Amino acid sequence: MKTLLNDRRPLVYCPGCDHANVVQALNRALMQLKLSGNQVVIVTDIGCSGLFDTFYNTHALHGLHGRPLTYATGLKLARPELTVIAVMGDGGMGIGGAHVIASCRRNLDINLLVLNNFNYGMTGGQCSVSTPQQAITSSGFLNQLEQPLDFCKLAETAGASWVGRFLPEEKELAAGISEAVCHHGFSVLEVENVCTGRYARGNPRALREKKEHEHNPLFSGVVSRNERLEYGDGYRRLAAEQPAEEPFTEIAVEQTAAIDDRCEIMLLGAAGQRMNTAGEILCFAAMAAGLQVTRKSDYPITVLRGHSVCEVVCSPQPIRYTGIARPDVILALAPEGVERKRSVFESVKSDCLIIKAADVEIPPSQCRIIEIDFQQQCGITFINRGVAALAVLSCVHPVLNANMFRSGLFYRLKSRQLEMALVTAGRISSWFKENPQ
Ligand code: SF4
């Protein structure tokens, strides 16, 4: 094959636009490397540089502004054998700069081609993140107030392992692109282009400056201090070393439920009390009896302090609504959780069962209350109150019986945690035999 250029797609750029030279140089580079179109993906940005993928007979992906590296990353990880070339303008470099920095840090084998023409050409010549401060643009004085970004220095600093800056008509550009493509790691190749349609009108010096290489010294090559393992190689190696994922737990229906209608349980505790673990045990127990279940959690972002509330709905029928306004059972195990749901106590049903820890105050209530001093009466610590309260529940309420509870423990817990939970359950059971409620 003599060319990868798409003969049905003329170069539609403005007369004198340097982007056209880069299109030709990229084609020469791909031909030198003897790459066929189905071995290459060109991922483009928005803007004049975003037309790039249409000029070639290769795979192509045209996405959101500033985001080509996100698509390119997924592509390269999924299909490491492909040559993935992302093309961005200076506009996209500003809009999606965080992705550029992440790619430099990561060192996945993608080639980023930056077509830097120092302005947003397609949308009217507004200033971009690389516009020099003295330039005239359609954004008025705005570029005078901001320091322009040097993409190559940024890439070097952020960890790119190959960085180069070229002019579009340089003979070396095609060779530079070839070198960047052959480099096994993330490469950033910036081409300083002149936008004749917009930028050069207000900045005629741009053409001369470009020729004289005045403002940015050109360079290219491997950044030795950033040379390291390619991300995809490292990812695949480490992923292969990970233990196999545990298979999905099938819940066998071996128990019998004693409820024939929806039952809502609210666990009110504090951070560190394993309220969510207790909620999950209850869910597994209910599923083991063939019930439908839902669970919702509420805790502050400060996970080691504050309330921890878990709401579980169990029902023989499909659960259409997962909220709880008037629970059938409340497990009040810490003041933080009670405070969080204080309003629930005002509207609670008269037949609601409240199981409360002795040191937890609750609002006055006409409900049936079982109070237990977990520490004094059963030697159960603060963090084990969730499991202990479920053990109490299994002795006094039809939503959970001893067999269901045991199934829930075995489905959710393992080894030492399971042993401790069984000890806790045994202590509660003994206490109940001595103190029937
Ligand atoms: S507007 Fe500028 S960048 Fe766009 S095609 Fe015209 S000269 Fe090229």
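Residues numbered from 1 in each chain as written. Predicted model: local features only at pLDDT ≥ 70, side-chain atom pairs only at ≥ 80, totals over all residues. Heavy atoms only, no water.

A. The pairing of strand β7 (residues 162–166), seen in detail. Among the 5 residues in β7, 5 count as buried, and that is most of the element. In β7, alternate side chains face the same way, and those of Trp162, Gly164 and Phe166 on one face and Val163 and Arg165 on the other are all buried. Judged from the 5 bridges that link them, β7 and strand β8 (residues 187–192) form a sheet pairing that is parallel. Its bridge partner being in β8, Phe166 is matched across the sheet by Val191. Taken together, β7, helix α6 (residues 172–182) and β8 constitute a β-α-β crossover, and its handedness is right-handed. The sheet contact formed by β7 and strand β9 (residues 220–222) spans 3 bridges and is antiparallel. Paired with Gly164 across the two strands is Ser220, which belongs to β9. (Buried < 20%, exposed > 50% of the residue type's maximum accessible area, 1.4 Å probe, protein only. Helix = DSSP H or I, 4+ residues; strand = E, 2+ residues; numbered from the N terminus. Pairing = 2+ DSSP bridges. Right-handed = clockwise from strand over helix to strand, strands pointing away.)

B. View of the packing of aromatic side chains. Within this structure, the stated rule accounts for 6 aromatic pairs. On the basis of an interplanar angle of 25° and a centroid distance of 5.9 Å, the ring pair of Phe284 and Tyr411 is categorised as stacked. Pair noted here: Phe284 is in helix α10 (residues 275–288) and Tyr411 is in helix α15 (residues 402–412), with a separation of 127 residues, a long-range link. Residue Phe284 is classed as buried on the basis of its relative accessible area, which comes to 19%. Seen from the ring of Tyr231, Arg106 lies directly overhead, with NZ or CZ sitting 5.9 Å from the centre. (Phe/Tyr/Trp six-rings, centres within 6.5 Å; stacked < 30°, edge-to-face > 60°. Lys NZ or Arg CZ within 6 Å of the ring centre and 35° of its normal.)

C. Broad picture of the side chain of Lys356. Topologically, Lys356 is positioned in strand β14 (residues 353–357). For Lys356, a relative accessible area of 7% gives the class buried. A polar side-chain atom of Lys356 sits 2.8 Å from a polar atom in the side chain of Glu371. Filtering out sequence-adjacent residues up to four positions away, Lys356 remains in contact with Ala332, Ile362, Ile369, Ile370, Glu371 and Ile372. (Polar contact = N/O pair within 3.5 Å; in protein donor to acceptor, adjacent residues only side chain to side chain. Contact = heavy atoms within 4.5 Å.)

D. Structural detail: the sheet that holds strand β3 (residues 83–89). With mixed pairing, the 7 strands of this open sheet are ordered in space as β2-β1-β3-β4-β8-β7-β9. The open sheet has two edge strands with one neighbour each: β2 (59–62) and β9. Adjacent strand axes in the sheet meet at a mean angle of 15°, parallel and antiparallel pairs treated alike. Pairing between strand β1 (residues 40–44) and β2: 4 bridges, direction parallel. (Axes fitted to C-alpha atoms, helices over the stretch in contact; angles between N-to-C directions.)

E. Just helix α5 (residues 151–158), in detail. When α5 is considered as a whole, its buried residues turn out to be Phe151, Cys152, Ala155 and Ala158. Looking down the long axis of α5, one finds its buried residues gathered within 135° of arc, a one-sided arrangement. Summarising the geometry of α5, the exposed residues directed more than 90 degrees from the buried face are Lys153 and Thr157. For α5, the secondary structure elements touched by its buried residues are α3 (90–95), α4 (97–106), β4 (111–116), β7 and β8. The distance from a side-chain oxygen at the start of α5 to the backbone nitrogen of Cys152 is 3.1 Å, and the residue carrying that oxygen is Asp150. (Arc of directions from axis to C-beta.)

F. The nonpolar core, seen in detail. Within the largest apolar cluster, 64 residues are counted, with the highest numbers of intra-cluster contacts made by Ile330, Phe374, Leu390, Leu400, Phe405 and Ile428. Among the elements that take part in this core, helix α14 (residues 385–396) stands out by supplying 8 residues, more than any other. Those residues within four positions of Ile330 in sequence are excluded, and the remaining contacts are Met266, Leu268, Val344, Phe345, Val348, Cys352, Leu353, Ile354 and Ile355. Counting 30 residues, the second largest nonpolar core, distinct from the first, contains Val22, Ala25, Leu113 and Ala180. (Core = buried A, V, L, I, M, F, W, Y, C linked by side-chain atoms within 4.5 Å.)

G. Layout of the sheet that holds strand β15 (residues 368–372). The 6 strands are arranged β11-β12-β10-β13-β14-β15 in an open sheet whose pairing can be described as mixed. Looking along the sheet, the strands with just one partner apiece sit at the ends: β11 (292–298) and β15. Neighbouring strand axes in the sheet, compared pairwise and without regard to direction, differ in orientation by 15° on average. Strand direction decides the pairing type here: strand β13 (residues 329–332) and β14, joined by 4 bridges, are parallel. Note on β14: the bridge partner recorded for Leu331 is Ile355.

H. Summary view of the site of the ligand. Around the ligand sit Tyr13, Cys14, Cys17, His19, Cys48, Asn117, Gly121, Cys195, Thr196 and Gly197, and those are all the residues in its vicinity. Looking at the shell around the ligand residue by residue, the class counts come to 5 nonpolar, 5 polar and no charged. (Near = heavy atom within 4 Å. Nonpolar A, V, L, I, M, F, W, Y, C, P; charged D, E, K, R; others polar.)

I. Region of interest: the packing of α14 against helix α16 (residues 415–434). α16 packs onto α14 with a crossing angle of 45° between their chain directions and a minimal axis gap of 9 Å. As far as their axial angle goes, α16 and α14 are oblique. In the packing of α14 onto α16, the handedness of the crossing is right-handed. On α16, the residues that touch Val387, Ala388, Ala391, Val392, Cys395 and Val396 of α14 are Ala421, Thr424, Ala425, Ile428 and Phe432. Residue classes in the contact of α14 with α16 are distributed as 10 nonpolar, 1 polar and no charged. (Parallel < 35°, antiparallel > 145°, perpendicular 65-115°, else oblique. Left-handed = near helix turned anticlockwise from the far one by under 90°.)

J. Structural detail: the pattern of salt bridges. Tallied over the entire structure, the rule returns 16 salt bridges. Put simply, Arg412 and Glu280 hold a salt bridge, and the shortest N to O gap is 2.4 Å. Remark: Glu280 occurs in helix α10 and Arg412 occurs in helix α15; sequence separation between them is 132 residues. Using a relative accessible area of 21% as the deciding quantity, one classes Glu280 as partly exposed. (Salt bridge = Lys/Arg side-chain N within 4 Å of Asp/Glu carboxyl O.)

In short, the description is geometric, and any link to function would need to be established separately.
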